[in-house]
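# Descriptive analysis of the structure
Below, each chain spelled out in residue letters.
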Amino acid sequence: MHDRLAHPAASAAAPLPDTVLPLGAAPFIAWAINALPGDRAIYWQGHIARDAWPVMGRLRPRDCRALTETARLALRLAEDGYLRLVQHRLGTHDYAYVAIARRVSPARRARRLTLPLAEAA
């Protein structure tokens, strides 16, 4: 689950970020808006495909929806060039999902980040 971030020692080349975001699209978009290029944050730990599926019973249905919304938002922002998404394998079915802010012009950042904000609300 997300709150139990207890990872083994990460490799020296790619240590895990210290920032762990609370579950939900609103905290994720707030981080993305304020992130500087190179800032990194873990937006989920676990296995998104399994954890977001309510039948698995790992999360409450409301949290499954929040995880799905957050993952879709992360993917959209990555496709639009605002983020780079990476995964660190921590164990079996256990990954740290990391968003890394990319350099974006201030005009583009202000114009494009307003669209996902409306969807996240």
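Everything here concerns the structure above.
Residues numbered from 1 in each chain as written. Predicted model: local features only at pLDDT ≥ 70, side-chain atom pairs only at ≥ 80, totals over all residues. Heavy atoms only, no water.

### Topic: the overall build of the protein
- A count of helical and extended segments in the protein gives five helices and three strands.
- Tracing the protein from N to C terminus, the helices and strands come up as α-β-α-α-β-β-α-α.
- Looking at the protein residue by residue over its 121 residues, the buried ones come to 40%.
- Excluding contacts between residues fewer than 6 apart, the proportion of contacts in the protein whose partners are at least 24 apart in sequence is 60%.
- For the protein, the exposed area adds up to about 7,000 Å²; of that, 55% sits on carbon and sulfur atoms. (Helix = DSSP H or I, 4+ residues; strand = E, 2+ residues; numbered from the N terminus. Buried < 20%, exposed > 50% of the residue type's maximum accessible area, 1.4 Å probe, protein only. Contact = heavy atoms within 4.5 Å. Areas by Shrake-Rupley, 256 points an atom, 1.4 Å probe, with all protein chains shown as cover.)

### Things to note about the layout of surface pockets
- Roughly 150 Å³ of internal volume is contained in the largest pocket.
- Taken together, Tyr 43, Ile 48, Ala 71, Arg 72, Ala 74, Leu 75, Leu 85, Val 86, Gln 87 and Tyr 97 make up the full set of residues lining the largest pocket.
- Contributions of two or more residues to the lining of the largest pocket are made by α3 (61-79) and β2 (83-91).
- Looking at the lining of the largest pocket element by element, the count peaks at four residues for α3.
- Residue classes in the lining of the largest pocket are distributed as eight nonpolar, one polar and one charged. (1 Å grid on protein atoms, 1.4 Å probe; cavity = no way out; pocket = protein on both sides within 12 Å on 5 of 7 lines; lining within 4 Å. Points joined across faces, edges and corners; volume = space filled by probe spheres on them. Nonpolar A, V, L, I, M, F, W, Y, C, P; charged D, E, K, R; others polar.)

### Looking at the nonpolar core
- Judged by nonpolar contacts, the single largest core of 25 residues is most densely connected at Phe 28, Trp 31, Tyr 43, Trp 44, Leu 77 and Leu 83.
- If you list the elements that add at least two residues to this core, you get α1 (25-34), β1 (40-46), α3 and β3 (94-101).
- With sequence-adjacent residues up to four places away left out, Leu 83 is seen in contact with Phe 28, Trp 31, Ala 74, Leu 77, Ala 78, Ala 99, Ile 100, Ala 101 and Arg 102.
- Residues Ile 42, Leu 90, Ala 96 and Ile 100 belong to the second largest nonpolar core, which totals six residues. (Core = buried A, V, L, I, M, F, W, Y, C linked by side-chain atoms within 4.5 Å.)

### Let's talk about unusual backbone geometry
- You will see that His 93, though not glycine, has its phi angle at about 55°, which is positive.
- Examined against the element boundaries, His 93 turns out to sit in the loop between β2 and β3.

### Details of the sheet that holds β2
- Spatially, three strands are ordered β1-β3-β2 in an open sheet, and the strand pairing comes out antiparallel. Because the sheet does not close on itself, it has two edges, and the strands there are β1 and β2. Averaged over all pairs of adjacent strands, the angle between strand axes in this sheet comes to 20°, irrespective of strand direction.
- Bridging between β2 and β3 involves eight bridges; their strand directions are antiparallel. Note that in β3 the partner of His 88 across the bridge is Ala 96.
- In the packing of α1 onto the sheet, contacts are made with β1, β2 and β3, and the angle to β3 comes to roughly 40°. (Pairing = 2+ DSSP bridges. Axes fitted to C-alpha atoms, helices over the stretch in contact; angles between N-to-C directions.)

### Regarding α3
- End to end, α3 covers 27 Å across 19 residues, agreeing with the expected 27 Å (1.5 Å per residue, within 8%).
- If you check which residues of α3 are buried, you get Asp 63, Cys 64, Ala 66, Leu 67, Thr 70, Leu 73, Ala 74, Leu 77 and Ala 78. (Expected span 1.5 Å × (residues − 1).)

### Points about the packing of aromatic side chains
- Counted under the stated rule, the structure contains four aromatic pairs.
- A centroid spacing of 6.2 Å and a plane angle of 45° characterise the contact between Phe 28 and Trp 31, whose relative ring orientation is tilted. Of the two residues, Phe 28 and Trp 31 are both situated in helix α1; the distance of three residues between them amounts to about one turn of the helix.
- Here Trp 31 falls in the buried class, since its relative accessible area comes to 12%.
- Ring centres 6.2 Å apart and planes at 55° place the aromatic pair Tyr 43 and Tyr 97 in the tilted group. Of this pair, Tyr 43 sits in strand β1 while Tyr 97 is found in strand β3, placing the two residues 54 residues apart along the sequence.
- A relative accessible area of 7% means that Tyr 97 is categorised as buried. (Phe/Tyr/Trp six-rings, centres within 6.5 Å; stacked < 30°, edge-to-face > 60°.)

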